[in-house]
Amino acid sequence: MKTRKANLRACTNSPLPLGGEGWVRGKSRGGSDVSPVPQPSPFKGEGVVVHTMNVRPKRVGSSGISGMRAEAFQPEGLTDHSRGQRPRLSAPVNPDPERVVPWALRIMRPFSGSNLYKHGRACFARRLVLAGGTRPTKVRPKRVPAILLALAAGMLPAADFRAEGGEPTPESRPAYYDHWESFGVPDGLPSDKVFCIYAGEKDVWAGTDHGLARYSNGQWKTYSRKDGLAHPAVMSIAEDHDTGDMWIGTMGGLNRFSAGRFDTFTQLNSGLANDVVYGVAVWRGEVWAATAAGTSRYQLAADRWTIYNETNTPMHERWCYAAASCAGKMYLAVWGGGLLEYDVERDRWRSYVDPDHEMEVDVFRDDGLVHDVVSAVACDQADRVWVGTYFGLSSYDGRKWRNFMDHDSPLVSNFVNFVTTRGKYAWIGTDKGLNATDRENWWTYRRDPDTGKGTVIWQPAGGAAEQFAIDTIFPHNYVLGISLREKDIWLATEKGVGRGTRSQDAVKTVSPEAHP
Amino acid sequence: MYKVLGIPYCNGMSGGSRSVPAVVSLSAYLNFEASRGRNAIPARREPARTHGSSFPGYILTSMLAGLATSMAAASDGVSRCGPSALLVEPDTGRLLVLCEKSDSILRFDPQTAQIEVQEKIGKKPFAACAHPDRKRLFITCRGGQEVDELDAVSLHVLRRFPLRGDPTGVEVSGDGRRLFVGVHSLDQVAVFELETGAELKRLAVGNGPEMLRRSPTDGRIYVTNLLPDAPRMDEPCLNEVTVIDESTAQVVERVILENANAARGIAFTADGRMAIAAITRPKNLVPMVQVARGWMITNGFAVLFPESDRPPLQLLIDLPNLAFADTYSVAMTPDDRKFYLTCAGADAVVAVNMEELRQVAEEVLAERIPRPADNLGLSRRYVSARIPVGTNPRALAVSSDGHWLYVANRLDDSISVIDTNADHVVRTMVIGEASPPDQLLHGERLFNSAARTFQTQFSCASCHPDEGFDALQYDMEPDGVGTAIIDNRNMRAIAGTGPFKWTGGNPDIATQCGVRTAKWIVRTGWLSSAEVVDLATYIESIEAVANPYRSPDGVLTPAQKRGRVLFERSTTNRGEPIPEKSRCNYCHRGPKFTNGESFDVGTKARHDTTSRFDTAHLTNIFESGPYLHDGRAPTLEEIWTKYNLKDEHGISNDWTKEQLNDLVEYLKSL
């Protein structure tokens, strides 16, 4: 007992080895004993050398519960553009027998709520890390099909993850946003702190902490309380494509803006659950408002309100942050409560939470939602749900999850503020920059705060990354909102609005679907 | 033309004198009435008293006798038309007449004054429009909660579009693909795809959409709205004309008419550059201490300038001491030479000279005419004729050649034919069999007539359009000026909801509408006792509109059921007993959800003279916002979220938000 306790204590206290290009998996919250010491991320934009890593390292063998072993990984495909060469693939590390899922943990699974079990799991994860960059494979003891999938995935050749046709070439690289324009208070915005943005067919709408702004014919027009805005802090904007009305979520209620008229819905004058409206979505003639006290559904034709909270859904946390429809279902991002799925036609709810139930560590890869603190949700053309959390990014195709973190992917930061999609690409706004990905290929956009210039990195699946320096970039790396309209991209940032355009002159592009 | 003290007073087509009469007095009114001939409402003689000497008993007996008369009339097969809309068939010149009382449509030959075809359609037809292919008609049926599609030749019903929520105005897009219908109770316009019959979407329009009209040029549909947008106590009313782009079926503009209300008919010039909408201008923020010179309400029209940045213009048709109440429909002559406006409460049609109107509009734009919307002397410049017609004229239509104007007189089942060159009635045609009015019809006529109001300012229908209400608040004189601001009441389905008045001071409708009305509202001799009885009988017969929140089979939704439980609860959420008098269903009980008593529910305002108010009935409360005695609560929720902080209006502060929502769902279903 003493030895085990000592071991437990040891594994929670000892630091991780530094150096090399080994990477570790953990949820970077900083200051946690369990969290590894952050390695310099290849995507921090530091220095000239750019290192990239494959999104999904190659597996050797498979893993499972009974007698199967955790596998070792090594990152492959490192490309150093400064040297113009690719390093050799590392040999797989011999698996350590001790990395077998301890039988002690297995038998303690019924006591998964206990602190001892939690410590045990954390220790197990940490020991794998300490073994030198190893990481646990997906272990789904109760889901045999998943294990078989893992087996199949492990046997797939590495070429799975490469772009078609082998190495990417300039001719096959999609165009990127190489010219940016910034807007702030001097340009007519009511404030530089922009919480949300929406690019409509004609106009662009920006929600700030001091009012709503509308960009039309090259001019910003602002709306405040005296115009009928419910509250100056505008958190979300959505368009009803049927009617052309705009729905605006604020800290003081929900507005409908229709042909110049503001209608205000508050928790006092209507069926709205709460005045703090973080997210709003319009779908099939219904308005879904994610509020601090549940989600409200307003059926416009019937003039009927419904509140969804813990009393009538699986949510255990009322703080709803966003809503998005996907494949006939409505998804709610619940801050601290995971993701909720509502099958409207069947009137059925389903909850997705982080199966690890760990705030600090992601124990098993791709086992489900990466974290319960969900800030954003969106749906792409392939009906995949993208979920932004403060501890990484998840993608769900209805059957399988794929998770991305800044340590094992080009995701620039785990702190995801916003997600939107176009085609098969998800655009991710974080606190450290902007990404776009279709789960295989990645774009990264970052601003150098010192020079005010930008860096764009294109990382194709299985291919060498390319970096581009651009003279203009969005005003700040803290990206709170994204909206794409035709060839433009609009960003809501901490320091104003950014508008990106593509010159597309130098590079021949592939099919339009390749455009993020 | 009519004469005032022998002085000609109109700018007729003969270019007559522009002299302004020195005094327009009661004699002017009498002259005008005389010129109407048979169309004046005859005085009703008092029946002999045969049952006791008590007034209430007399009233009750008269009402029963009147009801018996009405029932006998019905059993004799007398079926009134009640023409509510008119269309002119461009090829044949025949008239298509909607009969709201007989739920039918007629093809009427104005040459022979004969009904050629009569077909049954949905209940209470209200408005009609023709498809651009001229092969189909679309009729909104307010009572039937549907839109009927008819074959334009046979008038047979081809299709029905169910549409709950009181369908009103209707219009077809220029390409014939979409149907737009006003949904009055829900403040929406429903858009249908005609090929499939599917409803595409609902558009948020103003408060109580009334009429729809397509512009001839700009591809837009204009929607007038009966009631003010977001009415608030102590604020001027703002009436909205909603503009919809017919190609995108989206609202693109909202034209705000300040201090206007009851917008109804609308018509365009042929070039689409001007639109005329019938409106009234209520003066509800001013204490109702007199009626003279438009003190309480004035009547006129709004001029909109589509495809222009010019703000809308409001002008009056009233004279300084003579009003033309309840403007309703507008029709433009094909050559844009003039337009006609029905005045439903004045039993008249007003002709407006467009050339003169344009001149006035330019002068207003140049700011040479201050406050034109309040200028009672201005109408003499552009009103070219005031033509007496039948009883309660609402709909009108111009013949294709512009020579004839047809006016549907709703309450005497007649059609007046006006020569647009001479601007006088050349013929009055009765639809169907003429029969003497029964008590209900007589009461309805009184309700809709301004003839008994001082200077014919307004009728009951002016403040209670379509037997409803105007969503405004008033300061009435009896309890003092500046005190006791009161919210206007809905007149529909109020039988059995007495006593009346917010203080519960009037035991019955006859008391409410009799001497009190004469003294404090209309400021004239008003009605005889028998006429009061007729009016009260009619008011008691007014039915409610269909409730869009209540399922047709009466089954409550789960939320409504939960709301009913809350309404009937006797303990709080914490299990504490609620005193009987604090329970919702103590005061609000019975079939009309009122026990007829007055209570202090903590809503006394600084301007109120009492703290006790009559328990309002809750039936059809979904349509009667704003709420509370002075209209301070724009929505039902605010009755408790803002105005019941001390649990004086029932115990509500322990409710969750979900419970409040459920209760509101239940109340809206009553």
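Just so we're clear, the structure is a prediction, and the values are computed from it rather than from any experiment.

1. Quick word on the interface of chain A and chain B
Phase 1 of the analysis: Chain A puts 25 residues into the contact, and the matching count from chain B is 28 residues.
Phase 2 of the analysis: Summed over both sides, the interface between chain A and chain B buries roughly 1,900 Å², with carbon and sulfur atoms accounting for 45% of that surface.
Phase 3 of the analysis: Measuring nitrogen to oxygen at the nearest pair gives 3.3 Å for the salt bridge that ties Arg318(A) to Glu658(B).
Phase 4 of the analysis: Connecting chain A to chain B are 17 residue pairs in polar contact (both at pLDDT 80 or more).
Phase 5 of the analysis: Sorting the residues of the side of chain A that touches chain B by element identifies strand S8 (253-258) and strand S13 (304-308) of chain A as the ones contributing at least two each.
Phase 6 of the analysis: The element contributing the most residues to the side of chain A that touches chain B is S13(A), with three residues.
Phase 7 of the analysis: In the side of chain A that touches chain B, the residues fall into nine nonpolar, 10 polar and six charged.

2. A look at the sheet that holds S8(A)
Residue and element names in this part refer to chain A.
Phase 1 of the analysis: Strand order across the open sheet formed by four strands is S6-S7-S8-S9, with antiparallel pairing between neighbours. The open sheet has two edge strands, strand S6 (234-239) and strand S9 (261-265), and neither has a second partner. Across the sheet, the mean angle from the axis of one strand to that of its neighbour is 20°, orientation sign disregarded.
Phase 2 of the analysis: Here strand S7 (residues 246-250) runs beside S8; their pairing, made up of five bridges, is antiparallel. Paired with Trp247 across the two strands is Arg256, which belongs to S8.

3. Points about the packing of aromatic side chains
Each aromatic ring pair is described using two quantities: the centre-to-centre distance and the angle formed by the ring planes.
Phase 1 of the analysis: For the structure on display, the rule yields 49 aromatic pairs over all chains.
Phase 2 of the analysis: When the ring of Tyr176(A) is compared with that of Trp443(A), the centres are 5.7 Å apart and the planes differ by 40°; the resulting orientation is tilted. Residue Tyr176(A) is located in the loop between helix H4 (144-155) and strand S1 (179-183), and its partner Trp443(A) is located in strand S25 (residues 442-447); the two are separated by 267 residues in the primary sequence.
Phase 3 of the analysis: The exposure class of Trp443(A) is buried, given its relative accessible area of 0%.
Phase 4 of the analysis: Among the aromatic residues, those joined into a cluster by ring pairs are Tyr176(A), Tyr177(A), Trp180(A), Trp427(A), Trp443(A), Tyr445(A), Trp458(A), Phe468(A) and Phe474(A).
Phase 5 of the analysis: Between Arg142(B) and the ring centre of Phe126(B), over which it is positioned, the NZ or CZ distance is 4.6 Å.

Criteria and thresholds
- Residues numbered from 1 in each chain as written.
- Chains lettered and ligands numbered in written order.
- Predicted model: local features only at pLDDT ≥ 70, side-chain atom pairs only at ≥ 80, totals over all residues.
- Heavy atoms only, no water.
- Contact = heavy atoms within 4.5 Å.
- Buried area = accessible area lost by both parts, 1.4 Å probe.
- Salt bridge = Lys/Arg side-chain N within 4 Å of Asp/Glu carboxyl O.
- Polar contact = N/O pair within 3.5 Å; in protein donor to acceptor, adjacent residues only side chain to side chain.
- Helix = DSSP H or I, 4+ residues; strand = E, 2+ residues; numbered from the N terminus.
- Nonpolar A, V, L, I, M, F, W, Y, C, P; charged D, E, K, R; others polar.
- Pairing = 2+ DSSP bridges.
- Axes fitted to C-alpha atoms, helices over the stretch in contact; angles between N-to-C directions.
- Phe/Tyr/Trp six-rings, centres within 6.5 Å; stacked < 30°, edge-to-face > 60°.
- Buried < 20%, exposed > 50% of the residue type's maximum accessible area, 1.4 Å probe, protein only.
- Lys NZ or Arg CZ within 6 Å of the ring centre and 35° of its normal.

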